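So you can see what is in the structure, the chains are spelled out below.
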Amino acid sequence: MNVNVKSILGIAAVSAVGVLSSAASSVTYDFGQVSGGPTPAGTPPWVQASFTDVGMPSDTVQLPLTAENIAPGAYVSCWYFNVNSLLTPGSLQFTQTGSAGSFGGPTISTGANAFKAGPDGKFDILFGFNSTGDDSTRFTSGDSVTFTITGISGLTVQDFNALSTSAGGSGAYASAAHIESGSADCPSWVNPTATTQILGNADTRPPVPDTSATISLLGVSLAGIEAFRRKLMARAKR
């Protein structure tokens, strides 16, 4: 039996690169900037939002919202986002797929430049959380909720990486959150201080390969191929 090792090596290399390039794209916002009101109690980033592509390669985006670092007693009442100005926000469909903690699910409203977030400008998407009751009904420390977003063909995380429209406020932002506290006379408006982007196979730009990971994957593949080749040669000698 003839074993075409070069062909197998080629398959292994393609497979390894394919594994690396299949990572999903994501855009993560860490909220540590105050654009209005007092600085919230707790440790910044007080809240976090992360858009991740889960479609192959597009059409479906996952969005977890977390409030891990706000102080007990503080809560998120409103959370604002933008969408690509070429898209219609009203076409977006939101499905809650997970949550942690005890709180009332938010209402979700959409509209092009329809929602003004304090001094921050006009946004296209508004998540409205409970602002009455106590920590069992409000979105507070340790709570999280995850949504799947669909409804627009070709939708990707980059469609949510857009800035708010100026409304004579303090600037344009990718997102804004309203953090309130029962002990504070003035609520806080916070915005992202850091935006982390991971480019995967859903992006138009090719991802930068991770050389060390590629070598590791190829090493594992080659070891398996060598073991397979020896077994075939042993059988051929019998």
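Residues numbered from 1 in each chain as written. Predicted model: local features only at pLDDT ≥ 70, side-chain atom pairs only at ≥ 80, totals over all residues. Heavy atoms only, no water.

(A) Expanded view of the overall build of the chain. Helix and strand counts for the chain stand at two helices and 11 strands. Ordered by position from N to C terminus, the α and β elements of the chain give α-β-β-β-β-β-β-β-β-β-β-β-α. Buried positions account for 38% of the 238 residues belonging to the chain. For the chain, long-range pairs separated by at least 24 residues make up 73% of all intrachain contacts whose partners lie at least 6 apart in sequence. (Helix = DSSP H or I, 4+ residues; strand = E, 2+ residues; numbered from the N terminus. Buried < 20%, exposed > 50% of the residue type's maximum accessible area, 1.4 Å probe, protein only. Contact = heavy atoms within 4.5 Å.)

(B) Layout of the nonpolar core. Grouped together as the largest cluster of nonpolar side chains are 35 residues, with contacts concentrated most on Leu 65, Trp 79, Phe 81 and Phe 127. Where this core is concerned, the elements lending two or more residues are β1 (26–36), β2 (47–53), β3 (61–66), β4 (74–81), β7 (122–128), β9 (144–150) and β10 (175–181). Per-element accounting of this core gives the leading share, four residues, to β4. Within the second largest apolar cluster, nine residues are counted, among which are Cys 78, Phe 115, Tyr 173 and Ala 176. (Core = buried A, V, L, I, M, F, W, Y, C linked by side-chain atoms within 4.5 Å.)

(C) Structural view of the pattern of salt bridges. A full pass over the atoms with the stated rule returns one salt bridge. Close ionic contact of Asp 135 with Arg 138 constitutes a salt bridge, the shortest N to O distance being 3.8 Å. The exposure class assigned to Arg 138 is buried, which follows from its relative accessible area of 12%. (Salt bridge = Lys/Arg side-chain N within 4 Å of Asp/Glu carboxyl O.)

(D) Expanded view of the side chain of Asp 159. Summarising the element assignment, Asp 159 is placed in the loop between β9 and β10. For Asp 159, a relative accessible area of 10% gives the class buried. Within the structure, Asp 159 has its side chain in polar contact with the backbone nitrogen of Thr 156 (distance 3.0 Å). Discounting residues that sit within four places of it in the chain, Asp 159 has contacts with Asn 82, Val 83, Asn 84, Leu 87 and Gly 154. (Polar contact = N/O pair within 3.5 Å; in protein donor to acceptor, adjacent residues only side chain to side chain.)

(E) Representation of unusual backbone geometry in the model. Cis geometry marks the peptide bond from Pro 44 to Pro 45, where omega comes out at 0 degrees. Residue position: Pro 45 is located in the loop between β1 and β2. In this structure, Asp 59 is a non-glycine residue whose phi angle is positive, near 90 degrees. Checked against the element boundaries, Asp 59 lands in the loop between β2 and β3. A residue is classified by how much of its surface remains accessible, and Asp 59, at 34% relative accessible area, is partly exposed.

(F) A look at the packing of aromatic side chains. Overall, the coordinates contain 13 aromatic pairs when judged by the stated rule. Their ring planes at 90 degrees and their centres at 5.5 Å tell us that Phe 31 and Trp 79 sit as a pair that is edge-to-face. Highlighted residues: Phe 31 in strand β1 and Trp 79 in strand β4, separated in sequence by 48 residues. Measuring from centroid to centroid gives 5.3 Å for Phe 51 and Phe 81, while their planes differ by 90 degrees, and the two rings are edge-to-face. Placement of the pair is Phe 51 in strand β2 and Phe 81 in strand β4, with a sequence separation of 30 residues. (Phe/Tyr/Trp six-rings, centres within 6.5 Å; stacked < 30°, edge-to-face > 60°.)

(G) Representation of the environment of Leu 199 in the model. In this structure, Leu 199 sits in the loop between β11 (188–198) and α2 (211–237). In this structure the C-alpha to C-alpha distance between Leu 199 and Val 157, which are 42 residues apart in sequence, comes to 9.8 Å.

(H) Structural context of the side chain of Thr 148. Within the secondary structure layout, Thr 148 lies in strand β9. Once you skip the residues sitting within four places of it in the chain, Thr 148 turns out to touch Thr 60, Val 61, Gln 62, Gln 93, Phe 94, Thr 95 and Thr 97.

(I) Structural view of the pairing of strand β6 (residues 107–116). Relative to β7, β6 is paired through six bridges, and the arrangement is antiparallel. The residue of β7 that forms the bridge with Ile 108 is Phe 127. If you look at the hairpin formed by β6 and β7, you'll find five residues sitting between the two strands, and Gly 118 has a positive phi there, around 55 degrees. (Pairing = 2+ DSSP bridges.)

(J) Spotlight on the environment of Val 54. Among the secondary structure elements, Val 54 is positioned in the loop between β2 and β3. For Val 54, a relative accessible area of 41% corresponds to the partly exposed category. Considered as a pair, Val 54 and Val 157 are 103 residues apart in the sequence and their alpha carbons are 9.5 Å apart. Not counting chain neighbours up to four residues away, the residues in contact with Val 54 comprise Thr 60, Val 61 and Gln 62.

(K) Layout of the confidence of the model for the chain. Averaged over every residue, the pLDDT of the chain is 80; residues scoring 70 or more account for 71%. In the predicted structure, residues 1–22 sits below a pLDDT of 50 and forms 24 contacts with residues beyond four places in sequence or in another chain. Under a pLDDT of 50 for its full length, residues 202–222 has, in the predicted model, 21 contacts with residues more than four places off or in other chains. (pLDDT = per-residue confidence, 0-100.)

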